[in-house]
Amino acid sequence: MCSGGPAGEQDTAGHRGKTTLVNYILSENHGKKIAVVENEFGEVGIDDALVMQAQEEIFEMNNGCVCCTGLADPAPVLQTFFVDDDLQESFQLDALITVVDAKHILQHLDEAKPEGVENESVEQIAFADRILLNKTDLVEAEEQAAIKSRIKAINKFAEVIECSYGRVPLQQLLGIQAFSLDRVLAVEPDFLEDKEHEHDSSISSVGIEREGLCDMALLQQWLGGLLREQGADLFRSKGVLAVQGSDDR
Ligand SMILES: Nc1nc2c(ncn2[C@@H]2O[C@H](COP(=O)(O)OP(=O)(O)OP(=O)(O)O)[C@@H](O)[C@H]2O)c(=O)[nH]1
């Protein structure tokens, strides 16, 4: 299970490399059968198109609210494994793996939040059993060491693995039996209590679906305007485009 987070573009905050990691796992020759369950935030499923169509089955759950998708707090998704009897009987939670974007993590950890609102980057690191410190190609060794010690200060138990493009030997990620309920309870003592959580309505999504080909110049003009006027309020944008004059998607 990989926990999510706010996104932007490759060298902007967000997009930490989770899809890249999943695609790497799916394309490696590990002999395992893998099912991917995606918790998509928003009514238009995008990740499904971005995850490689290997032989694996992909289940997509659309329209999750931001707090239930694991995008912010990983706890609600983790709880699912413990409150559902069928899941408990058939599955074992092997590890919660958090992918960290080395280029932007310090900025996220330092973000001041309103009172009562958790810093989701801190939460995701605190709950993790393994932490992939990804995009290390974009930071100097000195900064990397500083990031590692910040991570260790939040979670001293999880092994931190430095990598680029999620390239980590798979025996360090799959079948590692690293999840420990006791450790999660130490972070959040009421983790197993059947509490209704308040849905976070401060973050919402907008989906746009259109038939036909798009004009890249017009699209960039529109996106540029949107970023100028509302960039500070945009957490994540992604999509699949059929562009006029190009065979690629
Ligand atoms: N330089 C660099 N780029 C990377 C690395 N890992 C992933 N990327 C690039 O970062 C971009 C975003 O990667 P994704 O795997 O889509 O990120 P994500 O976490 O799935 O993003 P969301 O699903 O939107 O949260 C892509 O262009 C990747 O090729 C890395 O280690 N270094």
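The preceding data block contains the structure.
Below: a short report on this structure. (Residues numbered from 1 in each chain as written. Predicted model: local features only at pLDDT ≥ 70, side-chain atom pairs only at ≥ 80, totals over all residues. Heavy atoms only, no water.)

The next subject is a negative patch on the surface. There is a patch of like negative charges on the surface, built from Asp84, Asp85, Asp86 and Glu89. Looking at where Asp86 falls in the secondary structure, it is placed in helix α4 (residues 85-90). By relative accessible area, Asp86 is classed as exposed at 56%. (Patch = residues over 30% accessible without salt bridge, like charges linked within 9 Å, V, L, I, M, F, W, Y side chains within 5 Å. Areas by Shrake-Rupley, 256 points an atom, 1.4 Å probe, with all protein chains shown as cover. Salt bridge = Lys/Arg side-chain N within 4 Å of Asp/Glu carboxyl O. Lys, Arg positive; Asp, Glu negative; His and termini not counted. Charge placed at Lys NZ, Arg CZ, Asp CG, Glu CD. Helix = DSSP H or I, 4+ residues; strand = E, 2+ residues; numbered from the N terminus. Buried < 20%, exposed > 50% of the residue type's maximum accessible area, 1.4 Å probe, protein only.)

On to the pattern of salt bridges. Pairs can form between side chains of opposite charge whenever their charged atoms are close. Applying the stated criterion to the full structure yields four salt bridges. Of the charged contacts, one joins Asp110 and Arg150 as a salt bridge, the two residues approaching to 3.0 Å between their closest N and O atoms. Taken together, the positions of Asp110 in the loop between α5 (105-109) and α6 (120-127) and Arg150 in helix α7 (residues 141-154) put the pair 40 residues apart, joining distant regions of the chain. Arg150 gets classed as partly exposed once you look at its relative accessible area, which sits at 31%. Between Asp129 and Arg183 there is a salt bridge, and its shortest N-O distance comes to 3.5 Å. Taken as a pair, Asp129 in the loop between α6 and β5 (130-134) and Arg183 in helix α8 (residues 181-187) lie far apart in primary sequence, 54 residues in all.

Glancing now at the site of the ligand. Among the 17 residues in the neighbourhood of the ligand, the closest are listed as His15, Lys18, Thr19, Thr20 and Tyr165. Take Lys18: an N or O atom from its side chain is 2.7 Å from an oxygen atom of the ligand. One of the side-chain nitrogen or oxygen atoms of Thr19 is found 2.5 Å away from an oxygen atom of the ligand. Relative to its free-state accessible area of 650 Å², the ligand is covered by the protein chains to the extent of 85%. Considering each element in turn, the shell around the ligand owes the most residues, three residues, to helix α1 (residues 18-27). (Near = heavy atom within 4 Å. Polar contact = N/O pair within 3.5 Å; in protein donor to acceptor, adjacent residues only side chain to side chain.)

Residues other than glycine predominantly adopt negative phi, and peptide bonds predominantly adopt the trans conformation. Although it is not a glycine, Tyr165 sits at a positive phi angle of roughly 50°. Phi angles above zero are rare outside glycine, and Gln177 is one such case at about 45°. Positionally, Gln177 belongs in the loop between β6 (159-162) and α8.

With five of five residues buried, β5 is to be regarded as a mostly interior element. Burial along β5 is two-sided: Arg130, Leu132 and Asn134 facing one way and Ile131 and Leu133 facing the other are all buried. Strand direction decides the pairing type here: strand β4 (residues 97-101) and β5, joined by five bridges, are parallel. Considered in β5, the bridge of Thr98 is made with Ile131. Here β5 runs beside β6; their pairing, made up of four bridges, is parallel. The residue bridging Leu132 from the neighbouring strand is Ile161, located in β6. Read as a crossover between parallel neighbours, the route from β5 over α7 to β6 is right-handed. (Pairing = 2+ DSSP bridges. Right-handed = clockwise from strand over helix to strand, strands pointing away.)

Moving on, we get to a nonpolar patch on the surface. A cluster of nonpolar side chains, namely Val206, Ile208, Trp222 and Leu223, defines an oily patch on the protein surface of about 440 Å² accessible area. By the secondary structure assignment, Trp222 is in helix α9 (residues 216-230). Assessed through its relative accessible area of 47%, Trp222 is described here as partly exposed.

Tracing the backbone shows Arg236 in the segment after α9. A sequence separation of 108 residues divides Arg236 from Ala128, and the C-alpha atoms of the two residues are 23 Å apart.

This part is about the environment of Arg228. Relative to the helices and strands, Arg228 resides in helix α9. For Arg228 and Val187, which are 41 residues apart along the polypeptide, the C-alpha to C-alpha distance reads 39 Å.

Within the element layout of this structure, Thr98 appears in strand β4. Among the residues examined, Thr98 registers a relative accessible area of 1% and is labelled buried. Within polar-contact distance, the side chain of Thr98 engages the backbone oxygen of Gln124 at 2.8 Å.

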